[in-house]
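# Secondary and tertiary structure notes
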Amino acid sequence: MGMIILFSISTMPGHSQEARAIILKSIEAGKFDGIETISKLNIIDQKGRVRTREIYMASKTFEDDVEKRLIIFMAPADIKGTGMLIYDHENKQDDMWMYLPALRKTRRIISSEKSKNFMGSEFTNADMAAANIDDFKYELLGDETVQGTDCWKIKSNSISDDITDEYGFFSQFLYIGKDDFTLRRSIYFDRENDTLKTLENNNIEQVDPGSKKYMARHMIMQNHQNGRKSEIIMEKITLNDQLDSDMFTTGFLERQ
Amino acid sequence: MVLFFLAQIPRAEIDADVTHYIPEKMTSRVNTERMEDLFGGNDMLILALETEDVLDPQTLRRIKDLSRGVKKIEGVSKTMSLFDLKSIKGVNGDMIVDPAVRKIPVSDSDKEYLRQELKNNKLVFKTVVSEDFTLTALIMIMDKGVDDNKLLHEINELLITYPGNERIYLGGYPYLKAIVSKEFTKNLRILLPGGLLIMLIMLYLFFRQKRGVFLPFSVVMMAIIFSMGILPLLGWKMSVITLILPIILIAVANDYGIHMIAKYQELVHSKDQQTDGKALARKVYENLRLPVIMTGMTTLVGILSLLSHKMIPAKQLGVLAAAGIFFALILSLFLIPALLSFLNKKAPVVHGDPSKLRWLEIQLRRFSKMVVSHPRRILVVSIIIVGLFGAGLGFLKVDTNVENFFPKSHDIRVGAKLINDKLGGSQTINVLVEGDIKDPALLKRVDRYQEALEQHKGVGDAMAITDVLLEMSKALNNIDDPGYNVIPDSRNAVAQYFELYAMSGDPEDFEQLVDFDYQHAQIMVRLKDGSNTNIKDVISFVRSMTAGDPNITIIGGYGYVTSELADVVVNGQMLSLLFAVLAIIILVMVLFRSITTGLISAMPLVSAIILLFGLMGILGIRLDLVTALLSSMMIGIGIDYTIHFLWRFIKERERTGDPREAIVLTLQTTGRGILFNALSVIIGFSILVLSSFPPIRFFGILIVISISVCLVGALMVVPSILLVFKPSIVTGKRTILKVPQWVINFGPKWAHYFKILKTKPELFKQSH
């Protein structure tokens, strides 16, 4: 297979079918029927000051490929219990609710922009979920070694201005491991083709040997334009395809 | 050596940042810099677009493009516009967060719907869009230390890339700085050659001889090069004030050279026809060494009194002008005689009717007769005039708003007025809030202050983190809920509001309003009017409102800097004035060894000061950064005329024994020299009238007026005082005159020169 791809690169550089196939596989490799994680989110500003949040997250894939995610803050104390529920639809805008324990209120949040930053970090909501594959055009640029792993280098371009606005970037260089189809590095560019951010996925681990699913335990997003940086450190990853569907309702958010 | 200094000049940078004009330790500067550290730069550059309806699609499109474009410019840390600011609303229990304008409306009904929405958006209405929707702003928050000129250039490029029919105005402090430095260079390009040209013409009219023109001229050139070269060597930057430096040197630095040449020409015609050029030059040097040093001393003392000024560029100007004049003094004393010694003896050419030259002589005689016959009347009239103008002192106002460096019709003034009237204001002060910013009690106080500020006259808009909390409380609560449009009661609720915002907005959205650790916040107050009175009023309003609040003690921002600068200007003015008058009176007392003489010489100065400030009060010319330098400068220069007069008077009185006769003689002889001297200063400074900065223009006019007052004081008031009050130098009861021989010689040399001019005009014809 490697031979075939090499061959196709040398004869038809930028073959988009090939690239799209790799992206599809990589989306698959990062998709779980059910998973729970406990992680730490560090938000670091230009001056190196750190803001830390501890987050519980549960995610489950439902019919029609809807991925539902439940996020609950565990620390710091003043936002403990604040919860979020996200329905990540394949082909329409996501649904998002937020529960504020101090007000005992759940509110649906409607925002046109996926580029919104995730909890005030440099990660965006879009980074938290797989992109809609049809929102971008892909082009295979070649291969490169990243963190000692042989990777495909794929360029993705947004298909329209609206998509660019929605995601907050115009194009990406994606470095995807050839063996595990897991994203190692991603460089984001804006409309003017200036480097916007770089994502590094480190400590990639096979979380499910059976279905060859992989996850990065350490993700760093560096924003080159504002000098800020954020990292997510996975402290606990549990695969669980038996997660109760009730967990992914606003009622659950308010009860717990 | 001159080449070395010449090479330094291009290294000089222009600094139009008024913040740097005041001492580093002044409160407003310390505070402003601290707040810039916490929240990034606070400088706002405002790009305003004016058109019939800003919600028209092509206008909105342009704003969107421009807003995207400016974000790419280095140094722009944040933008606020219809497309950047948020709309947070609650609809049917949902919270909707969007850009204030999410989609450009196509149909009229969409447009009206959007208009209604914007009217209800506190974050936007009357901040980036005016009440009548004819004006919209793109506000850029700048990083510290941005190159304003480069920034402006890039914005202009953008405006060309995205053209439109809207009228464009730029406002805010960064633009002001850029325009000031641009105009500055333009001014220097006109004023410097213009001043030099005028001086060349004047020197020719005075001396009608190449050496008489080029020797003083080269001294002035070298003095300018020297002092302008020191500036970058000392690590200083040019300011609006330093612009006057070369002009001062043009007006003052040639005085000594003029004396040397006059003496030279006088000696050329003296009886000793056999002496060669070398001997002549030597004689000029020996004769004038001391008088030149003395007049130089009074001028230096006057200019160095600027050192007592707190305003940094004023001090720098003092040092640089003094250095330049000192250099000119040295060159006049050594270089001019040295060069003259290489030249063959040569007399100047006089064209035209010699009787015309006598006209001045006749007028002076008439004038002197008039002075001695009506000394009392002169004194009474002078006192009345000084008294009348003195009444104007009460109207004198201080103004340090840099916007007023430009004429009313200038774009910057028009734009600032529009922005002030319709969009919250172009100048700001910032109030620092320290403590736990998530504490509801503190936030409620901040909200109250902000509310009160927005109601306060003179304040256009006040922004604080509480705005965001309130908008969110409106989105999260129904209109009849107790939590609607109020700051939540618990700290956790505040923290969760912020977290909720972080989920939906941009983390940089309120970087300007609260710091990363939620330990500091600021209220950004935009002023409707950048006048000093308004700024002071708003600051004292904030002070009294927040008195006793432990979390609010610090006020900063450019507006505060300007207002403190105004105080510095007034205090500096008074201090350097006092210093200059005292120093010069003492100097005169020492030189003449007489206390009364010192006091008499102060009369024209004090009158000139009263007249100057009185006139400014009456004409509504405000005391600003530039005009503030006037008085001490004028004193250093204006004293010379009185000194010249008194020297000669004492000499003539001793000779004739009659004070009346002595005055008439002095006015006819030395009077001419004084006139000459004053004329050269007046002509030199008059070039400033061509400046495009009104304050510099006013400076030009005012210094001409005040030098004229000093002149009249020396030629009319001082003689009248001598005749009416008969101090000891008039009655000669006490021999206080131990004036060295060179002092006494000085006047007669001039007189002699003119006597020859009068009686033997043929001597002035060129001898081949």
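Quantities reported herein were computed from a predicted structural model and do not represent experimental measurements. (Residues numbered from 1 in each chain as written. Chains lettered and ligands numbered in written order. Predicted model: local features only at pLDDT ≥ 70, side-chain atom pairs only at ≥ 80, totals over all residues.)

### Topic: the interface of chain A and chain B
At the interface, 24 residues of chain A touch 28 residues of chain B. Listed by contribution, the elements that provide at least two residues to the side of chain A that touches chain B are strand 5 (95-100) and strand 6 (105-111) of chain A. With 6 residues, strand 6 of chain A is the single largest residue contributor to the side of chain A that touches chain B. Tallied by class, the residues present in the side of chain A that touches chain B amount to 9 nonpolar, 6 polar and 9 charged. Pairing geometry for strand 6 of chain A and strand 4 (residues 94-99) of chain B, over 4 bridges, is parallel. (Contact = placed C-beta atoms within 7 Å. Helix = DSSP H or I, 4+ residues; strand = E, 2+ residues; numbered from the N terminus. Nonpolar A, V, L, I, M, F, W, Y, C, P; charged D, E, K, R; others polar. Pairing = 2+ DSSP bridges.)

### Regarding the pairing of strand 9 (residues 520-527) of chain B
All names here are of chain B. Where burial is concerned, most of strand 9 is hidden: 8 out of the 8 residues are buried. Residues His-520, Gln-522, Met-524 and Arg-526 line one face of strand 9 and the alternating positions Ala-521, Ile-523, Val-525 and Leu-527 line the opposite face, and both faces are buried. Of the strand pairs in this sheet, strand 7 (residues 427-434) and strand 9 are connected by 8 bridges, and their pairing is antiparallel. Note on strand 9: the bridge partner recorded for Asn-430 is Met-524. (Buried ≥ 20, exposed ≤ 12 C-beta atoms within 10 Å, placed from the backbone.)

### Comments concerning the nonpolar core
Within the largest apolar cluster, 277 residues are counted, with the highest numbers of intra-cluster contacts made by B:Ala48, B:Val220, B:Ala223, B:Ala328, B:Ile523 and B:Val525. Per-element tally for this core: the top contributor is helix 23 (residues 694-725) of chain B, with 18 residues. The two domains that each donate at least three residues to this core are domain 1 (178-348 + 562-763) and domain 2 (411-556) of chain B. The contacts of B:Ile523, once residues within four sequence positions are left out, are B:Val431, B:Val433, B:Val446, B:Tyr449, B:Gln450, B:Leu453, B:Ala462 and B:Ala464. Among the nonpolar cores identified, the runner-up in size contains 13 residues, and A:Ala19, A:Ile23, A:Tyr138 and A:Phe181 belong to it. (Core = buried A, V, L, I, M, F, W, Y, C linked by C-beta atoms within 7 Å. Domains from an automatic or database assignment.)

### A few points about the sheet that holds strand 7 of chain B
Sheets are built from strands that pair by backbone hydrogen bonding, the pairs being arranged parallel or antiparallel. Residues and elements named next belong to chain B. If you walk across this open sheet you meet the 4 strands as 8-9-7-10, and the pairing is antiparallel. On the outer flanks of this sheet lie strand 8 (459-463) and strand 10 (554-556), each paired with one strand and no other. Averaged over all pairs of adjacent strands, the angle between strand axes in this sheet comes to 20 degrees, irrespective of strand direction. Relative to strand 10, strand 7 runs antiparallel, the two being bridged by 3 bridges. Counterpart to Leu-432 in the pairing with strand 10 is Ile-554. (Axes fitted to C-alpha atoms, helices over the stretch in contact; angles between N-to-C directions.)

### Section: the domain arrangement of chain B
All names here are of chain B. Looking at chain B, the domain boundaries give domain 1 (178-348 + 562-763) and domain 2 (411-556). Listed per partner, the contact involves 4 residues of domain 1 and 5 residues of domain 2. Per element, the largest residue contribution to the side of domain 1 that touches domain 2 is 3 residues, and it comes from helix 19 (residues 558-592). Its residues assigned to classes, the side of domain 1 that touches domain 2 comprises 2 nonpolar, 2 polar and no charged.

### Considerations on the confidence of the model for chain A
Should the pLDDT be low somewhere, the predicted coordinates at that spot are not to be read in detail. When pLDDT is averaged along chain A, the result is 84, and 91% of the positions lie at 70 or above. This stretch, residues 1-13 of chain A, has a pLDDT under 50; its non-local contacts, to residues over four places away or in other chains, come to 5 contacts. (pLDDT = per-residue confidence, 0-100.)

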